[in-house]
Amino acid sequence: MRILILIGLLLLSAQSLATVYRWVDENGKVHYSDEAKKNAEAVDLKENTQNNITINTPTKINTTEPKEAPISYSISITSPQEEATIRDNNGAFTVSVSVSPELPRGVMMTLLVDGIVTAPPQASNIFTLTGINRGEHSLVVNVVTQSGKVLASSSPRKIFLHQASVFGPARKSK
């Protein structure tokens, strides 16, 4: 049974090798087909019709071009001060940053509060925050590229945010 299937497959594959015909129409356009047309001639196809491209690799790499040294940024949080206590019921405050040298176009700064990015990347050195919950927080500012690569980070700055109690002042019992 297997031999019959093998012979059948060989016969089918032999039929699939069709002759290719080439002809030119009345407009001078060249056509190719597997069906014979008027004035068509059979084309002899070679077995290897692949295009082979060779690429010459350079034997010596030119290292004379100077490479630009990466810029080293210095960034620090100037306000609020370390362990400052901020009193605001809305959890609003501003963070000022000093960075040198000046940031080129495409390089931004992000502010992280407790390790979470709280403001979109910006070129301005003043971040305005609102809705921060009361308690102790750690602030860090990163200099980042458009792809998100961190080029420099400030030292962490610890601050305390106080908000008035919802329940009012504590009452003494009589």
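Quick caveat, the model's predicted, so the values are computed rather than measured. (Residues numbered from 1 in each chain as written. Predicted model: local features only at pLDDT ≥ 70, side-chain atom pairs only at ≥ 80, totals over all residues. Heavy atoms only, no water.)

Undergrad: Any chance you could break down the nonpolar core for me, citing the residues and the numbers?
TA: Judged by nonpolar contacts, the single largest core of 22 residues is most densely connected at Phe93 and Val95. Elements represented by at least two residues in this core include exactly strand 4 (74-79), strand 6 (93-100), strand 7 (108-113), strand 9 (126-129), strand 10 (135-144) and strand 12 (157-162). In this view, Phe93 contacts Ile86, Phe127, Thr128, Leu129, Ile132, Leu139, Ile159 and Leu161; residues no more than four positions away in its chain are not counted. (Core = buried A, V, L, I, M, F, W, Y, C linked by side-chain atoms within 4.5 Å. Buried < 20%, exposed > 50% of the residue type's maximum accessible area, 1.4 Å probe, protein only. Helix = DSSP H or I, 4+ residues; strand = E, 2+ residues; numbered from the N terminus. Contact = heavy atoms within 4.5 Å.)

Undergrad: Describe the sheet that holds strand 3 (residues 41-43), naming the residues involved and giving the relevant values.
TA: Ordered in space as 2-1-3, the three strands form an open sheet in which the pairing is antiparallel. At either margin of the open sheet sits one strand with a lone partner, and together these are strand 2 (30-33) and strand 3. Within the sheet, the average angular offset between the axes of one strand and its neighbour, ignoring direction, is 35°. As defined by bridge partners, strand 1 (residues 20-24) adjoins strand 3 across three bridges and the pair is classed as antiparallel. In the strand pairing of strand 3, Arg22 is matched with Glu41. (Pairing = 2+ DSSP bridges. Axes fitted to C-alpha atoms, helices over the stretch in contact; angles between N-to-C directions.)

Undergrad: If you had to explain the side chain of Asn142 to someone new, which residues and values would you point to?
TA: Position of Asn142 among the secondary structure elements: in strand 10. Residue class for Asn142 comes out buried when judged on its relative accessible area of 10%. A distance of 2.5 Å separates a polar atom in the side chain of Asn142 from a polar atom in the side chain of Ser153. (Polar contact = N/O pair within 3.5 Å; in protein donor to acceptor, adjacent residues only side chain to side chain.)

Undergrad: Can you explain a nonpolar patch on the surface? Please cite residues and give values.
TA: A grouping of Met1, Leu4, Ile5 and Leu9 is seen on the molecular surface, where their side chains present a nonpolar patch of about 500 Å² in accessible area. Within the secondary structure layout, Ile5 lies in helix 1 (residues 2-15). A relative accessible area of 49% means that Ile5 is categorised as partly exposed. (Patch = residues over 30% accessible without salt bridge, like charges linked within 9 Å, V, L, I, M, F, W, Y side chains within 5 Å. Areas by Shrake-Rupley, 256 points an atom, 1.4 Å probe, with all protein chains shown as cover. Salt bridge = Lys/Arg side-chain N within 4 Å of Asp/Glu carboxyl O.)

Undergrad: For the sheet that holds strand 4, give the residues involved together with the corresponding values.
TA: Strand order in the open sheet formed by three strands is 4-6-9, with antiparallel pairing between adjacent strands. Two strands bound the open sheet, and with one partner strand each, they are strand 4 and strand 9. Neighbouring strand axes in the sheet, compared pairwise and without regard to direction, differ in orientation by 25° on average. In this structure, strand 6 lies alongside strand 9, joined through four bridges in antiparallel fashion. Within strand 9, the residue paired with Phe93 across the bridge is Leu129.

Undergrad: Describe the pattern of salt bridges, listing the residues and the values that go with them.
TA: The full count for this structure, using the stated rule, is four salt bridges. Here Glu35 ties to Lys37 by a salt bridge, and the two come within 4.0 Å at their closest N and O atoms. Overall, the relative accessible area of 48% leaves Glu35 in the partly exposed class. Classification of Lys37 by relative accessible area gives partly exposed; the value is 41%. One salt bridge in this structure joins Glu82 and Arg157, with 3.5 Å as the shortest N-O distance. Residue Glu82 is located in the loop between strand 4 and strand 5 (84-87), and its partner Arg157 is located in strand 12; the two are separated by 75 residues in the primary sequence. Judged by relative accessible area, Glu82 falls into the partly exposed class, the value being 42%. A relative accessible area of 16% places Arg157 in the buried class.

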